[in-house]
Amino acid sequence: MILWFFIALITLVMLAICFYPLFRPMPTGEGVKREELNKAFYFNRLQELERDEQLGLLENSQQLKTELQQSLLQDIPSEQAQTKQTAFNPKIALGAGVFLLILMAGATYLKVGSPQAEMMMSKTYQKLPYFFDQLKAGKELSESELQQFSTALRLKLQDEPNNAAMWSLLGKIAMQGEKWQLALDANEQANKLEPDNVDYKIEYARILVFSSEKEDKEKGLELLKQVVRKDHSNIEALNLLAFQYFEAEDYKMAALTWAMVLKLMPADDPRVPVIERSIQTARESQKANEK
């Protein structure tokens, strides 16, 4: 709506600039000025003739007056010439200009506007099954493919706005493409549609806790605590919670939480060495603070 408002505004400005001269007062023309000068000259010359006649300087004054009148009549512009000068109609010119402007705008729109964009969108949407197959096969998508995948998912969500799974997937694709705001909005929508889904809640909390905004961090921590209260063995939520404790310099709680994570992990889990080092770092940081 705002876009069309600005388009209309720009069009009006262009019309004002292009056609303002048509509405300015038209000059009276050379014919009118010349007629006034001739009349002034006629009456002035007539007074001179009458004065000379009274003084007895003229013998043929009537003939001179007649010639003066004929000279004036011959120099008055004809009605046809005046009609030609006033035949220009600014309203007709404005109408023609507006018509041409609309015609040119329409041709430009059809050439590079919405139809072409819609065609590109349609082609991108048709590639959605291909992107799903690539995702299932575990293949890495290029930056261009991630952008197209994101666009296709948003088109699908226009038809299925209550599809929480699609919102969650859009959030993950946006994170891979480093589109943080889109990832935040998509995960927030997924969590809103299915607030009891633990996976959606954790993904949403993951983005919030790494935000630079204090309010987002607090909200993310609260979501993680909700997950832990509901499921004490959720490794993903506990690990994120421990990291947030460490970042807040609450090293004791960080070490305790990572210790819980370590107990829940299988011995052959490749993440075990990382968690062990994290516990050691938290304890050493705690001792340093206590000195």
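Residues numbered from 1 in each chain as written. Predicted model: local features only at pLDDT ≥ 70, side-chain atom pairs only at ≥ 80, totals over all residues. Heavy atoms only, no water.

The protein chain is annotated in an unreviewed UniProt entry as C-type cytochrome biogenesis protein CcmI of Haemophilus paracuniculus. Its UniProt record gives the protein chain a comment under Subcellular location (unreviewed entry), which states: "Cell envelope". (UniProt positions renumbered as here; feature names shortened; annotations may be inferred.)

A. Representation of the UniProt feature "repeat: TPR" (unreviewed entry) in the protein chain within the structure. Under the present numbering, the feature "repeat: TPR" (unreviewed entry) in UniProt falls on residues 164–197. Taken end to end, residues 164–197 has its terminal C-alpha atoms 10 Å apart, with 79% of it in helix and 0% in strand. (Helix = DSSP H or I, 4+ residues; strand = E, 2+ residues; numbered from the N terminus.)

B. Representation of helix 14 (residues 251–264) in the model. With 14 residues, helix 14 should cover 20 Å at 1.5 Å per step; its first-to-last C-alpha distance of 20 Å lies within 8% of that length. Taken residue by residue, helix 14 has Y251, A254, A255, T257, W258 and V261 as its buried positions. Residues of helix 14 that are buried make contact with helix 13 (235–247) and helix 15 (272–290). (Expected span 1.5 Å × (residues − 1). Buried < 20%, exposed > 50% of the residue type's maximum accessible area, 1.4 Å probe, protein only. Contact = heavy atoms within 4.5 Å.)

C. Layout of the side chain of S278. With respect to the helices and strands, the residue S278 is situated in helix 15. Since its relative accessible area comes to 17%, S278 is described here as buried.

D. Looking closely at the pattern of salt bridges. With the rule as written, the count across this model stands at six salt bridges. The salt bridge partner of R271 is D269, with a shortest N-O separation of 3.1 Å. On the basis of relative accessible area, R271 is assigned to the partly exposed category, the value being 38%. What makes D269 buried here is its relative accessible area of 14%. (Salt bridge = Lys/Arg side-chain N within 4 Å of Asp/Glu carboxyl O.)

E. Broad picture of the packing of aromatic side chains. Under the definition given, this model contains six aromatic pairs. Aromatic side chains F131 and F149 sit 5.1 Å apart centroid to centroid with 20 degrees between the ring planes, which places their arrangement in the stacked category. Residue F131 is found in helix 7 (residues 128–136), and its partner F149 is found in helix 8 (residues 143–159); the two are separated by 18 residues along the sequence. The residues F131 and F149 share a single accessibility class, namely buried. Ring centres 6.0 Å apart and planes at 50 degrees place the aromatic pair F246 and W258 in the tilted group. Taken as a pair, F246 in helix 13 and W258 in helix 14 lie far apart in primary sequence, twelve residues in all. Classification of F246 by relative accessible area gives partly exposed; the value is 25%. Through pairs of rings, three or more aromatic residues link up here, namely Y130, F131, F132 and F149. (Phe/Tyr/Trp six-rings, centres within 6.5 Å; stacked < 30°, edge-to-face > 60°.)

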